Structures are given as structure tokens and as C-alpha cells.
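If you want the building blocks of each chain, they are given just below.
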Amino acid sequence: KDIPFEVALTSKLKRTHQTVQSFTEKGLAWEQFPEINEMSWGEHEGKAYTPERKAQYNAITSEWDKENYDVGMKGGETINELAARCRTFVAQLREREEQTILICAHGRLNRCLLCVLLDVPLRHMNDFSHSNTGLYRLRFDGARFELLTNNNTEHLKAQELTAI
């Protein structure tokens, strides 16, 4: 809330719109990008979490741990497809004139996006922890991105105190 953002960039999905609403209601410019929608989980989308679905998810993520990024849930995306979307978004991001940008996206997408932004191999996706509304701060020097803050949730503690 104390950072003077120039623009909010979100996915096209409702959750990100809700997350940045307090900024946009105060007049912050806002743009939506399908490139940063959450990874498509195919037939798992919108379904209850069951032991069978958990086993399927674990099987897929086990393949990712082996750097097999061409597998995904039936009807869903692969990590390579997700990374391609991230690269498209980063190319657009590099062209922007704003200096202080708020980006609101989703868990698996954020992990993949950080790999692309920091130019690290996709096998490091899970090195980036993720919490809902966790804050990642990056600096761009015109050529490279540098991670300054990884998944900071201190702002949530202040919000919890306010709610009490």
C-alpha cells in the first residue's frame, strides 16, 4: 500500500482482479494479460481435491522434477507451454515505460515467471516459495532482473492485526 505503483498488470482471472481492487479503486491504471493466467490444469480444473487427483498431480510434478516439461494434466498445459506464455509476457514487460509495476498472477505461473525473469532453468521453479498474496520484488536494470524480495508476507500480518 505504501509503494507508488504506476500500473497494475493482472491475469484475466477474477482472483487477481479482487487482489488488486483496493489499488484500482484508488485510480491505479490496470491492464489484463492472458499470458499470466494460471497454468491450465485440464480435467482437474474446478474439481474437488481427491486422493486420486493428488496422486495424478504428484505424478506430473515428479516428471517435472526429472526435467520432463512436456507433460501436463490431461487436457491441460505443460510447463514448456506455460514458460512460452511467460516469455511472451516478459518481452512485453521489457518494453514498458513504467518504473514501478504491480503484477498479480498465480502460484505455478509465478514460479515459472520468476525462472523466466531471472533467466534460471525451469528446474528451479520450486525453489521459489509461494503464499497467496506473497510479495516478490524485482529490479530491472535495463538488461536483467534481480530478485530483491522472495514471497514476503509481512503485509498480511499487519492486515491480521487490523482485523482484530
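For the structure itself, consult the block above.
Remember, predicted model here, so these are calculated numbers, not experimental data. Going along each chain's sequence as written, the residues are numbered from 1 onward. Thresholds applied to this predicted model are a pLDDT of at least 70 for local features of residues and 80 or more for the giving and counting of side-chain atom pairs; totals over whole chains, interfaces and linings are not thresholded and use all residues. Just so you know, side-chain values use all the structure's heavy atoms and leave hydrogens and water out.

### Notes on the side chain of Glu38
Stated precisely, the cut-off is as follows: Each helix is a run of H or I in the DSSP string that is no shorter than four residues. Each strand is a run of E no shorter than two, and both are numbered from the N terminus. Polar contact is the term for a pair of N or O atoms within 3.5 Å; when the atoms are in protein, one must be able to donate a hydrogen and the other to accept it, and sequence-neighboring residues count only if both atoms are side-chain atoms. By the convention used here, residues are in contact when the closest approach between their heavy atoms is within 4.5 Å.
Tracing the chain through its elements places Glu38 in the loop between strand S2 (29-32) and helix H2 (51-65). Reaching out from Glu38, the side chain makes a polar contact with the backbone nitrogen of Leu109 at a distance of 3.1 Å. Non-local contacts of Glu38, meaning those with residues more than four positions away in its chain, are made with Leu13, Arg15, Glu77, Arg85, His106, Gly107, Arg108 and Leu109.

### Considering the pattern of salt bridges
Selection criterion: Note on definitions: salt bridges are taken to be side-chain nitrogens of Lys or Arg within 4 Å of carboxyl oxygens of Asp or Glu. When a residue's accessible area, from a 1.4 Å probe over protein chains only, is under 20% of the maximum for its type it is buried; when over 50% it is exposed; and in between it is partly exposed.
A full pass over the atoms with the stated rule returns four salt bridges. For the salt bridge of Arg96 with Glu31, the shortest nitrogen-to-oxygen distance reads 2.8 Å. With a gap of 65 residues between them, Arg96 in the loop between helix H3 (79-94) and strand S3 (101-104) and Glu31 in strand S2 connect regions that are remote in the sequence. Overall, the relative accessible area of 31% leaves Glu31 in the partly exposed class.

### Some details on the nonpolar core
Applied cut-off: What makes a nonpolar core is a set of buried Ala, Val, Leu, Ile, Met, Phe, Trp, Tyr and Cys residues whose side-chain atoms join them at distances within 4.5 Å.
Counting residues in hydrophobic clusters, the biggest one holds 31 residues, and the most contacted among them are Trp64, Ile79, Phe89, Leu109, Cys112, Leu113 and Leu122. For this core, the elements supplying multiple residues, two or more each, are strand S1 (7-10), H2, H3 and helix H4 (107-118). Among the elements that line this core, the one with the most residues is H4, at eight residues. Setting aside anything within four residues of it in sequence, one finds Leu113 in contact with Cys86, Phe89 and Val90. Among the nonpolar cores identified, the runner-up in size contains six residues, and Phe5, Ala8, Val20 and Leu28 belong to it.

### Notes on the layout of surface pockets
A water-sized probe, rolled over the atoms, reveals where empty space remains. Condition: Space inside and on the surface of the protein is sampled on a 1 Å grid over the protein atoms alone, with a cavity defined as a set of points where a 1.4 Å probe fits but cannot get out and a pocket as an open set with protein on both sides within 12 Å along at least 5 of 7 lines; lining residues have an atom within 4 Å of a point. Grid points are joined across faces, edges and corners, and a volume is the space filled by probe spheres set on the points. Polar here means any residue outside two lists: the nonpolar Ala, Val, Leu, Ile, Met, Phe, Trp, Tyr, Cys and Pro, and the charged Asp, Glu, Lys and Arg; Gly therefore counts as polar.
The calculated volume of the largest pocket comes to roughly 1,900 Å³. What lines the largest pocket is a set of 50 residues, and nearest its centre among them are Phe5, Leu102, Ile103, Leu135 and Tyr136. For the lining of the largest pocket, the secondary structure elements donating two or more residues are helix H1 (14-24), H3, S3, H4, strand S4 (135-140), strand S5 (145-152) and helix H5 (154-163). Per-class residue counts for the lining of the largest pocket are 22 nonpolar, 18 polar and 10 charged. Lining the second largest pocket we find 18 residues, and of these Trp41, His44, Glu45, Tyr49 and Tyr57 sit closest to its centre. Secondary structure elements with two or more residues in the lining of the second largest pocket: H2 and H4.

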